Amino acid sequence: MDNTNYAIKEYDIVVVGGGHAGCEAALVASRMGFSTLVATLTINDIAGMPCNPAIGGLAKGQLVREIDALGGEMGKAIDETGIQFKMLNGSKGPAVWSPRAQADKKAYHERMLKALKEQEGLDIIEAEVTGIIVEDGWIKGVETNGEEKIKGKRVILALGTFPNGLMHIGEKKIPGGRRGEPTARGLSDQLNRMGFERRRLKTGTPPRLKRDTIDFSKCEPQFGDTNPSPFSFQTTKIDREQILCYVTYTNKEIHELITNNIDRAPLYSGQISGIGPRYCPSIEDKVVRFSGKDRHQIFLEPEGLESDEIYVNGLATSLPVDIQEEMVALIPGLEDATILKYGYAIEYDFFPPYQINSSLESKRVKGLYFAGQVNGTSGYEEAAAQGIMAGINASLGLRGDPSFVLKRNQAYIGVLIDDLVTKEIDEPYRMFTSRAEYRLLLRQDNADERLLKYSVRYGLSKKEQWEKAIKRRKRVIKACLRLSEEKLSKDLCNKVLKEIAGRQVEEGKKAWELLARPEIELGILEKYLPNGHLKLNEREKRSLEIRAKYNGYIKRQRKTAERFVKMDMIKIPQDFSYMNIGSLSIEAREKMEKFKPETLGQASRMAGVRAADLSILMVLLEKGKKTAVNR
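This report concerns the structure included in the present document. (Residues numbered from 1 in each chain as written. Predicted model: local features only at pLDDT ≥ 70, side-chain atom pairs only at ≥ 80, totals over all residues. Heavy atoms only, no water.)

**Re unusual backbone geometry**
(1) Moving on: For Ala501, which is not glycine, the phi torsion reads 60° and is therefore positive.
(2) Moving on: By the element assignment, Ala501 lies in the loop between α14 (490-499) and β22 (509-510).
(3) Moving on: Backbone geometry at Lys596 places phi at a positive 50°, although glycine is not the residue there.
(4) Moving on: Note on placement: Lys596 falls in the loop between α19 (586-595) and α20 (600-604). (Helix = DSSP H or I, 4+ residues; strand = E, 2+ residues; numbered from the N terminus.)

This is the structure we're talking about:
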């Protein structure tokens, strides 16, 4: 069914924006049974990849697995359109293993657009939403640039970098949300007039080069995994040929060129006011900040199987065109490369997320949700994660059900949203494994065990999927019990240890004790088990090994999480006034009055709130509870 021409002007849910946040929000809302409209500037915006053509990566891969477990589309889409798959951090502990895939960006867009078009109850229109309609503090719909009014009981703003977007290439400024596409002005201005605080952020993108003008023989090839791991738990196998990526490097000559022309870089000339990401700096920022480094790594990544464009990852820049041409020509392998598209920086409006609740609903306008870069995040995966949560919560709101909020010990998505609503966003927010204090519990391999039950509850996944996950976990637990009971004789233990040149033992040991050793693999141990091999598949064996080798750490993290969860269960009324509580520190009063934490746990994670402040707050909340009961 082609539903790009909408027939009605009244919907349960209107999603503004067709990027990664908008796609997930719209799909989940319609799958939960609500009539949904996606309003996008152009159909070509749908699930676009204006920056790197990849999905996943460090911590981002965990987000994609969680989106999939919640019934989202991103994991399935990249499994079908990925052209190189890698598990990052494979040499480190499982807490930081992260899947990543190079994408065929055109195929990914087409795959996601197909999902939207075929989804029952979902329409798509090409229009700029210039305003929202609000009555008595409740959202009632949106207005378009065609002066049409579209009714909506819930509205999700997934605006990307389009609000007042301004692109920079050297001294040149070009209004636009991304290359070749218009900016969106009216909606951001209206929100600001309504009292929403807005600020400016900046991000950037590198040049794109013509594939057949690059001398790849001067670059280092980067291979994908031999047995790639799918993102979606529903994908059984990735079984197709993978492309090569390449690595090359900058050098002293390039660094001197940039240094000599730094006054022409908008980032340093004062032309850009928005704050850019520290973790993904432009090449001019790298040269200035890391002046002692002789070179920086550059990844050459194909944008698709049929595309002649190569994305130059690591060379994001807003330097003038002539400097970009000189710079590229100085890189090994790129001496004769043709630049198809020049790099640029983009500034855009965002709305600091202290203005939303953990459900992503606005505190100022009921029924209005914010998702993606409009909340100050960067990255397709962070946007998609917010999109699916906004879609679920908008739908639950229409049902009259409580909001769905994931805790920090339940998901990376929980960490992401909790960080947004409790911390000052002064640069584009990006997810890292280091942000998750319970990352050993939140591994990429167990996202379905953690989250699939919610997806089934909301009708987004089939019950059979959850039952399969439960059966898989039971098989692993049964194998754990067997290994903890099964003892290997001294001779068998020493045969196992001989295979790895390990130190011999003087007495027999339980199989579980041996597997707990970091150097012993289950594949070796299984050969010597008295009662034969374990009847587990490869995924179950990997899960078993993780449990054995990290059992103590996992138990400790669970205990720590349980203590903090108790604080998250202590609710704070949203009309609670902090400014008149003289016993609280001034900083704590100001921060909590601004952010309006929903729980004592959220308050504890806010900068400037001390342990003494929390103790005072807890006493006041308990006192208020008793007073309410006595009434």
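**Describing the pattern of salt bridges**
Think of it this way: side chains of opposite charge can pair up when their charged atoms draw near.
(1) Moving on: Here the structure, examined in full by the defined rule, presents 41 salt bridges.
(2) Moving on: The salt bridge involving Glu382 is made with Lys60; its shortest N-O contact spans 2.8 Å. Taken together, the residues Glu382 in helix α10 (residues 380-399) and Lys60 in helix α2 (residues 60-69) connect sequence positions 322 residues apart. This pair shows no difference in class: Glu382 is buried, exactly as Lys60 is.
(3) Moving on: The residue Glu499 makes a salt bridge to Lys527 at a minimum N-O spacing of 2.8 Å. Of this pair, Glu499 sits in helix α14 while Lys527 sits in the loop between α16 (522-526) and α17 (538-549), and the two are 28 residues apart along the sequence.
(4) Moving on: By relative accessible area, which is 48% here, Lys527 ends up partly exposed.
(5) Moving on: It is possible to trace a salt-bridge network through shared partners that takes in Arg408, Asp418, Asp419, Lys423, Glu437, Asp568 and Arg605. (Salt bridge = Lys/Arg side-chain N within 4 Å of Asp/Glu carboxyl O. Buried < 20%, exposed > 50% of the residue type's maximum accessible area, 1.4 Å probe, protein only.)

**Examining the environment of Phe233**
(1) Moving on: In this fold, Phe233 is placed in the loop between β14 (220-222) and β15 (245-249).
(2) Moving on: Using a relative accessible area of 24% as the deciding quantity, one classes Phe233 as partly exposed.
(3) Moving on: Taking the C-alpha atoms as reference, Phe233 lies 8.6 Å from Lys76; in sequence the two are 157 residues apart.
(4) Moving on: Setting aside anything within four residues of it in sequence, one finds Phe233 in contact with Arg65, Asp68, Ala69, Gln444, Asp445, Ala447, Asp448 and Arg539. (Contact = heavy atoms within 4.5 Å.)

**What to know about the side chain of Lys286**
(1) Moving on: Tracing the sequence through the fold places Lys286 in helix α8 (residues 283-289).
(2) Moving on: Buried charge without a salt bridge: Lys286, with Glu284 as the nearest opposite-charge side chain at an N-O distance of 9.3 Å.
(3) Moving on: Setting aside chain neighbours within four positions, we find Lys286 in contact with Pro281, Ser291, His296 and Gly314. (Lys, Arg positive; Asp, Glu negative; His and termini not counted.)

**Quick word on the layout of surface pockets**
(1) Moving on: Roughly 1200 Å³ of volume is contained in the second largest pocket.
(2) Moving on: If you list the elements that add at least two residues to the lining of the second largest pocket, you get α13 (463-485), α16 and α17.
(3) Moving on: For the lining of the second largest pocket, the element with the highest residue contribution is α17, accounting for eight residues.
(4) Moving on: Among the residues making up the lining of the second largest pocket, the classes are represented as twelve nonpolar, eleven polar and 16 charged. (1 Å grid on protein atoms, 1.4 Å probe; cavity = no way out; pocket = protein on both sides within 12 Å on 5 of 7 lines; lining within 4 Å. Points joined across faces, edges and corners; volume = space filled by probe spheres on them. Nonpolar A, V, L, I, M, F, W, Y, C, P; charged D, E, K, R; others polar.)

**Section: α2**
(1) Moving on: Here α2 lies mainly inside the structure; ten of its ten residues are buried.
(2) Moving on: All buried positions along α2 are accounted for by Lys60, Gly61, Gln62, Leu63, Val64, Arg65, Glu66, Ile67, Asp68 and Ala69.
(3) Moving on: Note on α2: the residue one or two positions beyond its end, Gly71, has a positive phi of about 95°.

**Focus on the state of the cysteines**
In a disulfide, the sulfur atoms of two cysteines are covalently bonded to one another.
(1) Moving on: Counting across every chain of the model gives zero disulfides.
(2) Moving on: Among the cysteines around Cys480, which has no disulfide bond, Cys493 carries the closest sulfur, lying 18 Å off.
(3) Moving on: The buried category is assigned to Cys480, whose relative accessible area is 12%. (Disulfide = S-S within 2.5 Å.)

**Regarding the nonpolar core**
(1) Moving on: Counting 106 residues, the largest nonpolar core has Leu368 and Ile413 as its most contacted members.
(2) Moving on: Among the elements that line this core, the one with the most residues is α10, at ten residues.
(3) Moving on: In this structure, Ile413 is in contact with Leu63, Glu66, Ile67, Leu70, Ala385, Met389 and Leu406, ignoring residues within four places of it in sequence. (Core = buried A, V, L, I, M, F, W, Y, C linked by side-chain atoms within 4.5 Å.)

**Notes on the packing of α13 against α17**
(1) Moving on: α17 packs onto α13 with a crossing angle of 50° between their chain directions and a minimal axis gap of 10 Å. It follows that α13 is oblique to α17 by the angle criterion. The two elements α13 and α17 meet at a crossing, and its hand is right-handed. Across from Arg472, Arg473, Arg475, Val476, Ile477, Ala479, Cys480 and Leu483 in α13, the residues of α17 making contact are Arg539, Glu540, Ser543, Leu544 and Arg547.
(2) Moving on: Within the contact of α13 with α17, the residues separate by chemical class into six nonpolar, one polar and six charged. (Axes fitted to C-alpha atoms, helices over the stretch in contact; angles between N-to-C directions. Parallel < 35°, antiparallel > 145°, perpendicular 65-115°, else oblique. Left-handed = near helix turned anticlockwise from the far one by under 90°.)

**Looking at the sheet that holds strand β5 (residues 98-103)**
(1) Moving on: The strand order across the open sheet built from three strands is β3-β5-β4, with neighbouring strands paired in antiparallel fashion. Both outer strands of the open sheet, β3 (54-56) and β4 (82-88), are each paired with one neighbouring strand and no more. On average, each strand axis in the sheet is inclined to that of its neighbour by 20°, with strand direction left out of account.
(2) Moving on: Note: β4 against β5, six bridges, orientation antiparallel. Opposite Leu88, over in β5, you have Ser98 as the bridge partner. (Pairing = 2+ DSSP bridges.)

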